[in-house]
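Notes for the structure review
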Amino acid sequence: MAEYDYDVLVIGAGPGGYVAAIRAAQLGLKTACADGRATLGGTCLNVGCIPSKALLHGSELYDQAANGTMAKFGVMAAGVTLDLDAMQAEKALAVKELTGGIEFLFKKNKVTWLKGHATFADAHAVDVAGARVSAKHIVIATGSSVTPLPGVTVDNDGGVIVDSTGALALTKVPGHLAVIGGGVIGLELGSVWSRLGAKVTVVEYLDQLLPGMDGDVRKEAAKIFKKQGFDIKLGTKVTGVVANDGMATLTLEPAKGGTVETLEADVVLVAIGRRPNVDGLGLDAIGLTVNARGQIDTDHDFRTAVDGVWAVGDVIPGPMLAHKAEDEGIAVAENIAGLTGLVNHAVIPGVVYTAPEFAGVGLTEEAAKALGEVKVGKFPMMANSRAKTNRETDGFVKVIADAKTDRVLGVWIVASLAGTMIAEAALAMELGATSEDIAYTCHAHPTHAEALKEAAMAVMGKPIHM
Ligand code: FAD
Ligand code: NAI
């Protein structure tokens, strides 16, 4: 009889976990994956990336039809109305299809789906759904959940104070949506409800939106969202939120201290970050501790401090992004199988899927300058022929290169298609490209991607169209 029930047991079926499980099975390992949710796909497919993108797409279509963008091109859509139930149904359908797709892939690859919350019994066994299941290798891919705001109670079941899960499921467009946190979730979901007619106020503690992004991008974000009608209160902290009679009152204070003010809203979205899921995992049983940020530390191979226990995704350090989790999922399975699984954490793109999109990969200009001399090339989307033709002229591309070697250190893009354009920059950086390599690569015309080529030419001070 085998020593263990499985070669590999993955805890969590989000992008980190389900990908690790599928790759492990592809490599011939007997694999199971446990998840506490009713459907596979984790945060990303159920209440994250996918439903948010469905609503961003739907709300953009509505905005274009209702607010004149289509009319500018002669597409006259009179009497445009919103059927929010239909938009929500389409979102739910996408989630159902994609989570069902993972179920299909599990069957195809012979990954056993263990339905239930898993708790460590020891380093080679977990208790799940009343049974003890053992494995030679256990991968923790438990993801993250919403960071609560102290003293503020979220009620996603029709309440006025919601987190991202509640904000994805509103059944009515709020008159006034107050968003606490000017990060990715606040701006994406703020955009959804703003396009559908809500007045949106974003309250951000720091003096700029989108922490972690390049300084120019952050400044541009504030300008763009203000232009889109957002009320943005930077350098402001929320010290309390009280729900009363279907309304909420927020207490605001300048981050540096000062006069307290109040703000009334129909719905409040709390979006101040996410924290790793380790509660109820039974880490004590295996003697594994978390770091000061509540994350599980690993080495480059994704091994934890406990032999046979590995970890990937949002639960370990690094950006909390689905594609980062997926790449780690592949790498951990390959390492378990005795191959060499690597993730280049210096080249993980990040995208905010608003209109325009905000994207970046590599170092910000501030971080690059702290390391040495740099050359920067910038090209406005206003001067890109395709963006101008499509009337999508907000934004720019910025290429940051090492002043001595010309190697590209970072690329930042604000553009309608920034999320798609950043893939080229990531590939270039992964292959160690110089700005000259990008500048002398032929780009199809007319495309938004030509703006990346021109920004790379601007590093040498020689863009053509500017
Ligand atoms: P998760 O996806 O969180 O999956 C972990 C799973 O493990 C969950 O299903 C959880 O229920 C389960 N679990 C936890 N503990 C246990 C246990 N003890 N036993 C069994 N199961 C357990 N990222 C992007 O890259 N692009 C986006 O566009 C994007 N949009 C987002 C939008 C929103 C609103 C949110 C909230 C997040 C978004 N993200 C996006 C982030 C992305 O969802 C996460 O980075 C990604 O899901 C992390 O994957 P993971 O596998 O580490 O964890
Ligand atoms: P975030 O970290 O992006 O932004 C949170 C913001 O809240 C920060 O700007 C922070 O300064 C601010 N803040 C914190 N406390 C505050 C307070 N008391 N008052 C006012 N502001 C306060 O976190 P967010 O938006 O919750 O998203 C969580 C994570 O989910 C993201 O970091 C990202 O990793 C992931 N995500 C990714 C998406 C994408 O890739 N497109 C989309 C949505 C989420």
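Computed from a predicted structure; not experimentally measured. (Residues numbered from 1 in each chain as written. Chains lettered and ligands numbered in written order. Predicted model: local features only at pLDDT ≥ 70, side-chain atom pairs only at ≥ 80, totals over all residues. Heavy atoms only, no water.)

1. Looking at the overall build of the protein chain
When you go through the protein chain residue by residue, the secondary structure sums to 14 helices and 22 strands. Radius of gyration (C-alpha) of the protein chain: 23 Å, near the 23 Å computed for a compact globule of 466 residues. Projecting the C-alpha coordinates of the protein chain onto the three principal axes gives extents of approximately 70 × 60 × 50 Å. Buried residues in the protein chain amount to 49% of all 466 residues. (Helix = DSSP H or I, 4+ residues; strand = E, 2+ residues; numbered from the N terminus. Rg over C-alpha atoms; globule rule 2.2 N^0.38 Å. Buried < 20%, exposed > 50% of the residue type's maximum accessible area, 1.4 Å probe, protein only.)

2. Let's talk about the side chain of lysine 91
With respect to the helices, strands and loops of the structure, lysine 91 is situated in helix α5 (residues 84-109). Of the buried charged residues, lysine 91 lacks a salt bridge, with aspartate 85 as the closest side chain of opposite charge at 10 Å. Not counting the four nearest positions on each side in its chain, lysine 91 is found in contact with Pro51, Ala54, Leu55, Leu168 and Ala169. (Lys, Arg positive; Asp, Glu negative; His and termini not counted. Salt bridge = Lys/Arg side-chain N within 4 Å of Asp/Glu carboxyl O. Contact = heavy atoms within 4.5 Å.)

3. Points about the site of ligand 1
Taken together, 38 residues lie around ligand 1, and Gly16, Arg37, Thr43, Lys53 and Ala118 are the ones closest in. Proline 15 is positioned such that a nitrogen or oxygen atom in its backbone is 3.3 Å from an oxygen atom of ligand 1. Between an oxygen atom of ligand 1 and a main-chain N or O atom of cysteine 44, the distance comes to 3.4 Å. With the chains in place, 93% of the 990 Å² that ligand 1 exposes on its own is no longer accessible. In terms of residue class, the shell around ligand 1 is built from 16 nonpolar, 17 polar and 5 charged. (Near = heavy atom within 4 Å. Polar contact = N/O pair within 3.5 Å; in protein donor to acceptor, adjacent residues only side chain to side chain. Areas by Shrake-Rupley, 256 points an atom, 1.4 Å probe, with all protein chains shown as cover. Nonpolar A, V, L, I, M, F, W, Y, C, P; charged D, E, K, R; others polar.)

4. Quick word on the site of ligand 2
Near ligand 2, the surroundings consist of 24 residues, among which Glu188, Glu204, Gly273, Met320 and Val351 are the closest. The backbone of tyrosine 205 places a nitrogen or oxygen atom 3.2 Å from a nitrogen atom of ligand 2. In the environment of ligand 2, an oxygen atom lies 2.6 Å from a nitrogen or oxygen atom belonging to the backbone of methionine 320. Considered on its own, ligand 2 offers 840 Å² of accessible surface; in the complex 79% of this is hidden by protein. Put simply, the parts of the chain that give the shell around ligand 2 at least two residues each are α7 (184-195) and β12 (236-244).

5. Considerations on the sheet that holds strand β14 (residues 261-265)
Here 3 strands make up an open sheet; going across it, the order is β12-β13-β14 and the pairing antiparallel. The outermost strands of the open sheet, each flanked by one partner alone, are β12 and β14. Taken over all neighbouring pairs, the strand axes of this sheet differ in orientation by 25 degrees on average, direction set aside. Two elements, strand β13 (residues 247-254) and β14, share 5 bridges in a ladder whose sense is antiparallel. Within β14, the position partnered with threonine 251 by the bridge is threonine 262. (Pairing = 2+ DSSP bridges. Axes fitted to C-alpha atoms, helices over the stretch in contact; angles between N-to-C directions.)

6. As for the domain arrangement of the protein chain
Along its sequence, the protein chain is organised into domain 1 (6-146 + 275-336), domain 2 (161-272) and domain 3 (350-459). A separation of 30 Å is found between the C-alpha centroids of domain 1 and domain 3. Between domain 1 and domain 3, the residue contacts involve 6 residues of the former and 6 residues of the latter. Here domain 1 packs against domain 3, burying approximately 450 Å² in sum over the two surfaces, 71% of which is carbon and sulfur. The three residues of domain 1 that bury the most area against domain 3 are Lys53, Leu56 and Phe73, which together make up 57% of that side's buried surface. The tally of links between domain 1 and domain 3 comes to 0 salt bridges. For the pair domain 1 and domain 3, the interface holds 0 residue pairs in polar contact (both at pLDDT 80 or more). (Domains from an automatic or database assignment. Buried area = accessible area lost by both parts, 1.4 Å probe.)

7. Things to note about the nonpolar core
One finds Phe106, Phe120, Ile140 and Leu283 to be the most contacted residues of the largest nonpolar core, which totals 56 residues. The element contributing the most residues to this core is helix α1 (residues 15-26), with 7 residues. Setting aside chain neighbours within four positions, we find leucine 283 in contact with Phe120, Ile140, Val278, Leu288, Val290 and Ile296. (Core = buried A, V, L, I, M, F, W, Y, C linked by side-chain atoms within 4.5 Å.)

8. A closer look at the side chain of aspartate 314
Counting through the fold element by element, aspartate 314 comes out in the loop between β17 (309-311) and α9 (322-336). Among buried charged residues, aspartate 314 stands out as having no salt bridge; its nearest opposite-charge side chain is arginine 274, 4.5 Å away. Polar side-chain contacts of aspartate 314 include one of 2.8 Å to the side chain of serine 144. Those residues in contact with aspartate 314 that sit more than four places away from it in its chain are Gly143, Ser144, Arg274, Pro276, Met320 and Leu321.

9. Some thoughts on the pattern of salt bridges
A full pass over the atoms with the stated rule returns 13 salt bridges. Lysine 53 serves as the salt-bridge partner of glutamate 188, at 2.7 Å between the closest nitrogen and oxygen. In this pair, glutamate 188 is assigned in helix α7 and lysine 53 in helix α3 (residues 49-66), connecting sequence segments 135 residues apart. Residue lysine 53 is classed as partly exposed on the basis of its relative accessible area, which comes to 26%.

10. With respect to the packing of aromatic side chains
Counting across every chain of the model gives 2 aromatic pairs. Judged by centre distance (5.1 Å) and plane angle (55 degrees), the ring pair of phenylalanine 225 and phenylalanine 230 falls under tilted. Side by side, phenylalanine 225 and phenylalanine 230 carry an identical accessibility label, which is buried. Between phenylalanine 225 and phenylalanine 358 the ring centres are 5.7 Å apart and the planes differ by 25 degrees, which places this aromatic pair in the stacked class. Residue phenylalanine 225 is located in helix α8 (residues 215-227), and its partner phenylalanine 358 is located in strand β19 (residues 357-362); the two are separated by 133 residues in the primary sequence. Both residues of the pair, phenylalanine 225 and phenylalanine 358, belong to the buried class. Put simply, the rings of Phe225, Phe230 and Phe358 touch in pairs and so form one group of aromatic residues. (Phe/Tyr/Trp six-rings, centres within 6.5 Å; stacked < 30°, edge-to-face > 60°.)

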